[in-house]
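# A structural walkthrough
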Amino acid sequence: MSMAGSAASTPAIRLTDIVKSFGPVLANRGAALEVAPGEIHALVGENGAGKSTLMRVLSGMYAAESGRMEVNGHDVTGWSTADAIDAGVGMVHQHFMLVPTLTVAENVMLGRELTKGGQLDRARAEREVSELSHATGLAVRAQRTVADLSVGEAQRVEILKTLYRGAKILILDEPTAVLSPPEIEELWHVLRQMRDRGETIVLITHKLDEVMAISETITVMRHGRTVGRLRTAETTPAEIARAMVGRDVQLAMNYVAEEMATTPSPGAQVAASEPLLVVRDLVVNDVRRLTAVDGVSFTVAPGEILGIAGVEGNGQTELLEALAGLRAVRGGSIQMGRHDVTRLSVKARGDAGLSHIPEDRHARGLILDYSVAENLILGQQHRFTRGVQLDRDQILENARHQIDAFDVRPSDPQLPARALSGGNQQKLVIAREMGRAFQVLLAAQPTRGVDVGAIEFIHGQLRAARNAGKAILLVSADLAEILALSDRVAVMYGGKLVAVLARGDASTEVLGPYMTGAATGHAA
Amino acid sequence: MTTAASESTTAPPPIAPPVDRTARRTALEEAILPAVVALLVAAIVGDILILTFGQSPGTVYRLLLEGTWGNAYGLGQVLYKATTLTFTGLAVAVGLRAGLFNIGAESQLAAGGFVAALVGLLLPSGLPALITLPLYLIAAAAGGGLVAGVPGVLKARFGAHEVITTIMLNFIVLALLNYLTAAHLKVEGSLHTAEIHAGALPRFSSYIAPFHGSAANVVLFVALGAAIVTWWFLFRTRRGFELRATGLQPEAAEYGGVDVGNVWWRAMVLSGGLAGIGGLNFVLGYKHYYEEAFASGAGFLGIAVAIVGRNHPLGVVFAALVFATISQGGLAVNAVVPKQMVDVLQAVVIIAVAASVPEVRRILRKAR
């Protein structure tokens, strides 16, 4: 592994031996970071490696237990968020921190309100935000309400907010998670412009293609430690991945695609067999009672993975919730095999053979204060009873079996789910949903926020289920995942399926225009 | 930068420390230590209060203990008060476990006592307790459960916030009960109904002479039984599993096939039912009649009991004893310090518990 030499000038950021723990979990255990002024620096590592924690320490949100922090050569150890903002260090978080009912200009000035005679000076705020927007290339109209913005625009507002406060060192936490490919390109363009003006950028990510595309230097973290520092020009994705995981890993998910290409789907062989999931003209409302799913029809055959690609917020969440029985259907029908399940409860659908990996494991998929064993029966609690009582022996035995089969770590069934890492929490959900008899699987963002090793494992499970003749509906914001796993790929845009393609016909280039609504209407 | 590349080849130690027993012991510490700390804090604040009245804390606390646990009458009064508080504390705790803040235990308690009294007045006298007690339990639970069921259904069906509806129902129900008593049931010249003869429950003083004059009665055992059954229901049954899941994460419960609306109204009925049975302590165990305003704040104090007891049935029994002791002790120390000081002390306990739970937890975690 090649090491970059130390910069001759004073580094913009220098963190040494940072230690930060949350309860029993050490998030940072001697982490270090050095960033030269005017560079784009990628901070990479698997989920749970401690990247976000380290950057929150830098931006003053968390106080480290030990370690030293320097910004532009000054010792700033233990400063507050206010100090950090004053010193020009700004962080753009993964989850937007915007007030949806306020306008762009109002959000940007929030906390630094401009006033004239005791009243808010909206006109001046709008003028200043417009000027900043033009100067930086972060195009968004200052007068618009944040609730009406696309996700990409909302992110621009977040960056504008940080710059408005005079940030010279900008930290971006997984900024591309919610963006479409063209939006990502736009973001890269803006970041390069900012770098050319002399601003320093730290980009937290675990996507290696992004690292290669945009960064100049790379810091790799693993298990809370800094394990490497590389120059992008002198390294390869494989080398970065090895440093992240600590062993060789298969990259780009090619392994899945190759293996699946050589294993003909049982579904393809018995193409005449009836589909296990039939959705006809489905119409579903969102929370605001606006149409979110607008007349969607598709089928999934046994032994088939249908992948639904698309930028998040185009109705995928509502579609899945409707299929799972969590959201009322306004029109159309859902059939499992020959049974109409449109009006059935969540429990009845589960009994009919539906499994569901929900997109948000923290809100829906797990009860974080419940133990691993209890979480492993969630949705199946009526099968683990003796009279009115829960059968604790059976629950424990089930937990031991699933923990073993799905390699959940640590293996203590009594531990609260909260204490597990993101990857192991997801394994818990997968163990519960795939470790029992099922016919149809709804898999939403099955590998979001899990580490490379767990991704390999989860993809293996999905592939095995497909080969065992299950019908799988895969919804993912990760286009590479969709392309690697799906037999057919559909694109969802504006609540409609705008394209359904055979895997051979689908690629990032082909799907991109559909995802942004630039192209419509193509069915395989 | 000098980070060694070799470090990347050595396996890092596991992220999570060895768990098993340590984790469970920690959970126990986190459950009990905050309450202990809170009582210590309350004692210190109490010292300062007592000193401002020019008295010696030692003397006052000795008086307080002598007047409560120091003699059979005082102990009887403590047990009597703790009985009602156990029921209202359990009621609030069950609600909170389901994610519902039941402020209406006061009127549910009164309604339970009222319906039990009605049934008692209708029953022929001379029936054995073995037959009447189940009837009284059902009547009291039905009275409290009905009153609490209204906000439960309103929440499940229309999303009406239970804090608002239970508070409003307190006014409505208490006024209604007062009207019914005053207009139709009261004995002339009093605020209470006629005496109940059917299956009235004996006081302890009937068996143990030193308890003479104290209100403690066998409903105490019903309270302990209710705490055990509530614990069993919450932590051992499927419905309890679903109720707690709903309270922790309603979205995840919904995902797990739980009808959240059903859990809400059922939890409210259960909560109100528990509060209602508390009414038996006064109506059937102590006075043998229903009297206007007999609840006298025990329903509201149930909120404090549940919070100090950390919404755990056994914690609730403990907290009920603590608050009953403080309340009865107020009478014992009345001669040297104002009784209101005891009210302040109760408030201090509540604030100390609310504040010390996160703080003690933080310190515990840091110590590891």
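What counts as what
Chains are numbered independently. Their residues run from 1 in the order of the written sequence. Here every chain gets a letter starting at A, and every ligand a number starting at 1, in the order they are written. The predicted nature of this model means local features are confined to residues of pLDDT at least 70 and side-chain atom pairs, given and counted, to a pLDDT of 80 or more, with totals for whole chains, interfaces and linings taken over all residues. Only DSSP runs of H or I covering at least 4 residues are called helices, and only runs of E covering at least 2 are called strands; the numbering of each starts at the N terminus. Counting other C-beta atoms within 10 Å of a residue's own tells you its class, since 20 or more makes it buried, 12 or fewer makes it exposed, and anything in between is partly exposed; those C-beta atoms are placed from the backbone. Once C-beta atoms are placed from the backbone, any two residues with those atoms within 7 Å are in contact. Helix axes use the C-alpha atoms of the stretch in contact, all axes being lines fitted to C-alpha atoms, and the angles between their N-to-C directions lie in the range 0 to 180 degrees. Under this scheme an angle from 65 to 115 degrees is roughly perpendicular, one under 35 degrees roughly parallel, and one over 145 degrees roughly antiparallel; angles in between are oblique. For any pair of crossing helices, the crossing counts as left-handed if the nearer helix is rotated counterclockwise from the farther one by less than a right angle, and right-handed if it is rotated clockwise. Only strands joined by at least two bridges in the DSSP assignment are considered to pair. Every residue gets a pLDDT, meaning the predictor's confidence in that residue, from 0 to 100.

### Quick word on the overall build of chain B
Looking only at helices and strands, chain B features 13 helices and 0 strands. Going from the N terminus to the C terminus, chain B shows its helices and strands as α-α-α-α-α-α-α-α-α-α-α-α-α. Dimensions of chain B, computed from C-alpha atoms along their principal axes, come out at roughly 95 × 60 × 35 Å. A burial count over chain B gives 51% of its 368 residues as buried. Here the analysis covers contacts within chain B between residues at least 6 apart in sequence; of these, 78% occur between residues at least 24 apart.

### Some thoughts on the overall build of chain A
A count of helices and strands for chain A gives 19 helices and 25 strands. With respect to the principal axes defined by its C-alpha atoms, chain A has extents near 65 × 50 × 50 Å. Taking as baseline every contact in chain A between residues at least 6 positions apart, the subset at least 24 positions apart corresponds to 67%.

### Description of the packing of helix H3 (residues 72-97) of chain B against helix H4 (residues 105-122) of chain B
Residues and elements named next belong to chain B. In contact at an axis separation of 10 Å, H3 and H4 are set at 125° when each is read in the N-to-C sense. Considering the angle they form, H3 stands oblique to H4. Judged by the twist between their axes, the crossing of H3 over H4 is right-handed. For the pair formed by H3 and H4, the contact residues are Thr88, Ala91 and Val92 on the first element and Ala105, Gln108 and Leu109 on the second.

### Let's talk about the sheet that holds strand E9 (residues 169-173) of chain A
All names here are of chain A. The strand order E6-E9-E10-E3-E11-E12 describes an open sheet built from 6 strands, whose pairing is mixed. Across the chains shown, the open sheet's two edge strands, defined by having one partner strand only, are strand E6 (89-92) and strand E12 (225-231). The sheet shows a mean angle of 20° between the axes of neighbouring strands, direction not considered. With 4 bridges joining them, strand E3 (residues 40-44) and strand E11 (residues 217-222) adopt parallel strand pairing. Note on E11: the bridge partner recorded for Ala42 is Ile218. Those strands touched by helix H6 (residues 181-196) are E3, E9 and strand E10 (200-205), and its axis lies near 145° from that of E10. Seen against the sheet, helix H8 (residues 237-245) touches E3, E11 and E12 and runs at an angle of roughly 30° to E11.

### Focus: the confidence of the model for chain B
Residue and element names in this part refer to chain B. In this model, chain B carries a mean pLDDT of 87, and residues with pLDDT of at least 70 account for 91%. Summarising per-element confidence for chain B, the mean pLDDT is lowest in helix H1 (residues 20-52) (76) and highest in helix H8 (residues 238-248) (97). Listed scores for the predicted complex are pTM 0.77 and ipTM 0.83.

### Notes on the environment of A:Ile214
All names here are of chain A. Topologically, Ile214 is positioned in helix H7 (residues 208-214). Its 20 C-beta neighbours within 10 Å are what place Ile214 among the buried residues. Expressed as a C-alpha distance, the spacing of Ile214 and His189, which sit 25 residues apart in the sequence, is 9.3 Å. Filtering out sequence-adjacent residues up to four positions away, Ile214 remains in contact with Ile40, Trp188, Leu191 and Leu203.

### Observations regarding the pairing of strand E24 (residues 496-502) of chain A
All names here are of chain A. By the bridge criterion, 6 bridges tie strand E23 (residues 488-493) to E24 in an arrangement that is antiparallel. Residue pairing in the sheet places Ala490 in a bridge with Val500 of E24. Between E23 and E24, which pair antiparallel in sequence order, lie 2 residues; one of them, Gly494, sits at a positive phi of approximately 55°.

### Comments concerning unusual backbone geometry
Peptide bonds are mostly trans, and most non-glycine residues show a negative phi. Here the amide bond leading from A:Arg409 into A:Pro410 is cis, since omega sits at -10°, within 30 degrees of zero. Within the chain, A:Asp17 stands out as a residue other than glycine whose phi angle is a positive 50°. Inspection of the secondary structure assignment puts A:Asp17 in strand E1 (residues 13-22). Here B:Arg310, not a glycine, exhibits a phi torsion of approximately 55°, which is positive. Tracing the backbone through its elements, the reader meets B:Arg310 in the loop between helix H11 (298-308) and helix H12 (313-332).

### Things to note about the sheet that holds strand E16 (residues 329-336) of chain A
Residue and element names in this part refer to chain A. Read across the open sheet, the 4 strands follow the order E14-E13-E16-E17; overall the sheet is antiparallel. In this open sheet, the two edge strands, each paired with only one partner strand, are strand E14 (291-300) and strand E17 (339-340). Bridge count between strand E13 (residues 277-285) and E14: 7 bridges; the pairing is antiparallel. By the bridge assignment for E14, Val279 is matched with Phe298. Together, E13, E14 and E16 form the strand contacts of helix H11 (residues 316-324), whose direction differs from that of E14 by roughly 60°.

### With respect to the environment of B:Ala216
When you line up the elements, B:Ala216 lands in the loop between helix H6 (162-185) and helix H7 (219-236). Discounting chain neighbours no more than four positions away, the residues touching B:Ala216 are B:Gly76, B:Leu79, B:Tyr80, B:Arg203, B:Phe204 and B:Phe211.

### Topic: the confidence of the model for chain A
Residues and elements named next belong to chain A. Confidence along chain A averages 87 in pLDDT terms, with 92% of residues attaining 70 or more. Element-level mean pLDDT values for chain A span from 45 in helix H9 (residues 254-262) up to 97 in strand E18 (residues 354-357). pLDDT under 50 marks residues 266-271. Its contacts with residues more than four places away, or in other chains, come to 9 contacts.

### What about H11(B)?
All names here are of chain B. Burial within H11 is extensive, with 10 of its 11 residues counted as buried. Regarding H11, the residues found buried are Ala298, Gly299, Leu301, Gly302, Ile303, Ala304, Val305, Ala306, Ile307 and Val308. One or two steps after H11, the chain reaches Arg310, where phi turns positive at roughly 55°.

### As for the pairing of E10(A)
Residue and element names in this part refer to chain A. Buried residues dominate E10, accounting for 6 of its 6 residues. Alternating positions in E10 separate into two faces, Thr200, Val202 and Ile204 on one and Ile201, Leu203 and Thr205 on the other, with burial throughout. Alignment of E3 against E10, held across 5 bridges, turns out to be parallel. Along E10, the bridge assignment pairs Ala42 with Leu203. Across 5 bridges, E9 lies against E10 in parallel orientation. Bridging across to E10, Leu172 finds its partner in Leu203.

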